[in-house]
Amino acid sequence: MATRSPNLTAGYIAVLAGVFALAMIVGLSPLARRMDGEAYDAILTAHPPAAKEPHAVVVAIDDRTLGNYGGIRALRRILANALLIVARARPSVVALDVTVPDLGDPAEDDALADAFSRTPNLVLPGNISDPDSGTWEDPHSLFRRLAASVGHVHAAPDPVSRVLPLEIRSNRQRRWALSLETARLYLRQSNITETPRELELGALRIPSQTDGRPLYIRYREGIPQISAAELLEKASTATALAGKAVFIGVTPQTAARDRLMTPLGYMMSGVEIHAQAFETLIGGQYLRPISNTALLAMCLGFAVAAGATFAFFTGWRAYAPGIFLLVAAHTAPSLMFGRGYVVPYLPVVGTAWLSLITAASWQHFIVRRQLRKSEADKARYQQAIHFVTHEMRSPLTAIQGSSELMGRYSLTDEKRKQIAQMINSESKRLARMIQIFLDVERLTDGQMQIRSENFELSDLLAACVDRARSLADRKEIVMCVDGVADASLKGDRELMEYAIYNLLSNAVKYSPEHTTVSVSAKRDGGSLRLAVRDQGMGMDEKELRQIFTKFYRTKKAEASGEAGSGIGLSIVDQIVSHHGGRIEVTSTPGKGSCFTMVLPVHAATLVTP
Ligand code: ADP
């Protein structure tokens with residue numbers, strides 16, 4: 001489990017919730033909707049409706065027809081002649097996508113009216129010519145009375161024709177779409193029953209919401225198209241129209257105003273789109289948009305799954321389900337399409353990606369950081385234990401040995417007193433060591449405040465030199481102290497003593513016999529420089545870079561048999577930096593080293609005599 005603390009869990013949930021909200025906002029933006037449209041087109045093309053014998057035939061007044069029969073100005077005459085041929089073929093319904101709101105040449109109008117009267121189940125187009133007034137422009141009454149019905153020929157105001165409004169209301173007048181009216185007559189139904197979510201047409205239940213009753217057109221290939229010119233030239237071609245719903249309209253790019261882009265990737269004229277909508281209505285394989293609640297639930301599901309995956313698993317156990325979620329998000333809209341639901345692509349895919357990226361990054365950066373920190377804490381603790389056991393061994397051995405001595409042999413009073421004193425001082429040293437150890441531990445943890453007391457540097461140095469004296473005497477090393485009589489320090493005396501003693505004892509430990517170790521203090525601008533210099537084995541550049549690392553010891557020091565646990569300097573470094581200072585080291589192999597504590601004035605005040 002990656003997130004343990006309640007705060008961290010709350011943070012994780014909050015961040016994921018924020019990302020989810022962001023994904024929803026971005027996913028429902030106009031730009032995203034446009035991209036959803038592109039995805040919809042791809043899915044639609046990949047899911048053609050089951051191939052059935054088409055019910056519609058398009059009779060196209062195309063370039064050839066216009067070219068051969070007098071152009072767009074002869075449209076009514078062409079229409080009248082073509083209709084006569086169509087009518088003779090006994091189609092089921094004939095839908096016209098050519099508006100006839102007014103009268104023109106009387107002879108032409110009469111011919112057209114005559115053709116209309118012979119056409120069974122004629123559906124004429126009505127449209128709103130002036131969007132400002134919203135008035136319906138119906139076929140002229142001369143023609144209107146010859147038609148079985150009037151249907152609107154408006155498209156949805158989208159650049160790509162994906163949905164068709166089955167209903168348009170304007171000026172308190174409502175019109176069903178040309179394709180729907182054609183379908184009604186084709187199915188021999190007298191009316192269309194409306195419910196809030198559906199239109200009922202005979203046995204058909206057409207899903208369409210009250211607001212405009214949009215119908216997703218399931219574009220298909222293979223709706224037959226016959227050129228009007230061909231009909232006029234060879235009337236026998238019309239046999240293909242028997243029993244069909246015939247859609248007649250103008251198709252060339254130059255003449256048809258209502259050509260639109262379709263999801264199939266090419267343009268279609270209005271009459272072809274009406275025929276496609278009609279096929280969709282009759283075909284019965286409808287699409288409906290997924291409800292907002294369902295979409296929200298779906299996206300939320302992906303976000304929660306992504307969050308949970310990275311909350312409970314790490315490594316491939318998290319990434320494998322993560323990838324599965326991505327694949328699921330990418331395929332969900334297509335799968336749902338197969339079941340007749342239109343799911344916007346971007347909100348779903350966007351939520352999945354954003355939540356997964358967020359969850360994975362959270363795990364990587366936040367949880368891993370916590371993990372690393374706790375691992376570092378553990379390692380530090382182990383080192384500390386190592387240090388304690390190592391450092392405490394020598395006073396303990398001394399105490400053990402002495403007490404054994406006292407118990408086993410009868411000793412003179414003098415000797416007994418001496419040993420008792422030794423036991424006393426060693427146990428005090430032990431106690432002090434424990435205290436220092438605990439203090440340094442808390443220092444590292446940032447739990448401890450440095451004590452702030454004033455003390456004389458000369459006293460402190462005297463104490464340290466005294467402690468190091470016996471060590472120095474054994475090697476006949478001279479220790480000299482200069483320039484410190486007038487310095488006063490502020491800080492934690494005990495920690496400072498530990499630090500300075502450490503430098504001094506190192507200087508003695510790593511120096512040969514008959515050399516000198518000197519301690520000096522001098523003020524340099526805003527700081528006090530306290531230097532411990534020896535004439536010992538020294539260190540090279542590479543070694544110098546590592547001596548403050550815990551447990552590091554140079555090869556030479558180890559060979560000398562003097563090296564300790566290698567932890568002293570790392571503690572000295574911490575103590576000095578907690579006092580706001582730093583340590584500088586210069587050293588030459590074989591010649592000696594100089595460790596200089598540079599303390600800021602607030603920690604060290606030089607009092608001029
Ligand atoms: P140790 O207990 O080993 O002395 P320290 O942390 O005090 O641990 O020192 C780390 C290492 O730095 C020593 O083991 C030694 O190799 C090197 N070192 C420290 N002080 C000196 C010095 N004055 N001269 C040469 N080497 C030194």
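That block above? That's the structure.
Here we summarise the structure given alongside this text.

What counts, and at which threshold
- Residues numbered from 1 in each chain as written.
- Predicted model: local features only at pLDDT ≥ 70, side-chain atom pairs only at ≥ 80, totals over all residues.
- Heavy atoms only, no water.
- Helix = DSSP H or I, 4+ residues; strand = E, 2+ residues; numbered from the N terminus.
- Polar contact = N/O pair within 3.5 Å; in protein donor to acceptor, adjacent residues only side chain to side chain.
- Phe/Tyr/Trp six-rings, centres within 6.5 Å; stacked < 30°, edge-to-face > 60°.
- Buried < 20%, exposed > 50% of the residue type's maximum accessible area, 1.4 Å probe, protein only.
- Lys NZ or Arg CZ within 6 Å of the ring centre and 35° of its normal.

**Notes on the side chain of Ser269**
Okay, step 1: Here Ser269 is to be found in the loop between strand 16 (267-268) and helix 9 (270-283).
Okay, step 2: Within the structure, Ser269 has its side chain in polar contact with the side chain of Glu272 (distance 2.7 Å).

**Points about the packing of aromatic side chains**
Okay, step 1: Enumeration according to the criterion identifies seven aromatic pairs in this entry.
Okay, step 2: Taken together, a centroid distance of 5.5 Å and an interplanar angle of 80 degrees make the contact between Phe116 and Phe143 edge-to-face. Here the residue Phe116 occupies a position in helix 5 (residues 106-118), and Phe143 occupies one in helix 6 (residues 141-144), the gap between them amounting to 27 residues. Note on accessibility: Phe116 and Phe143 belong to one class, buried.
Okay, step 3: Seen in terms of ring centroids, Phe247 and Phe278 are 5.4 Å apart; in terms of plane orientation they differ by 55 degrees. Their pairing is tilted. Residue Phe247 is found in strand 14 (residues 245-250), and its partner Phe278 is found in helix 9; the two are separated by 31 residues along the sequence. Accessibility assignment for this pair places Phe247 and Phe278 in one class, buried.
Okay, step 4: Cluster of aromatic residues (ring-pair linked, three or more members): Tyr40, Tyr216 and Phe337.
Okay, step 5: Positioned above the aromatic ring of Trp136, the side-chain terminus of Arg175 is 5.3 Å from the ring centre.
Okay, step 6: Looking at Arg467, its charged tip hangs above the ring of Tyr501, at a distance of 3.9 Å from the centre.

**Considering helix 18 (residues 568-578)**
Okay, step 1: The buried fraction of helix 18 is high, at eight of 11 residues.
Okay, step 2: Listing the buried residues of helix 18 in full gives Gly568, Leu569, Ser570, Ile571, Val572, Gln574, Ile575 and Val576.
Okay, step 3: Just downstream of helix 18 lies Gly580, where phi reads positive at about 80 degrees.

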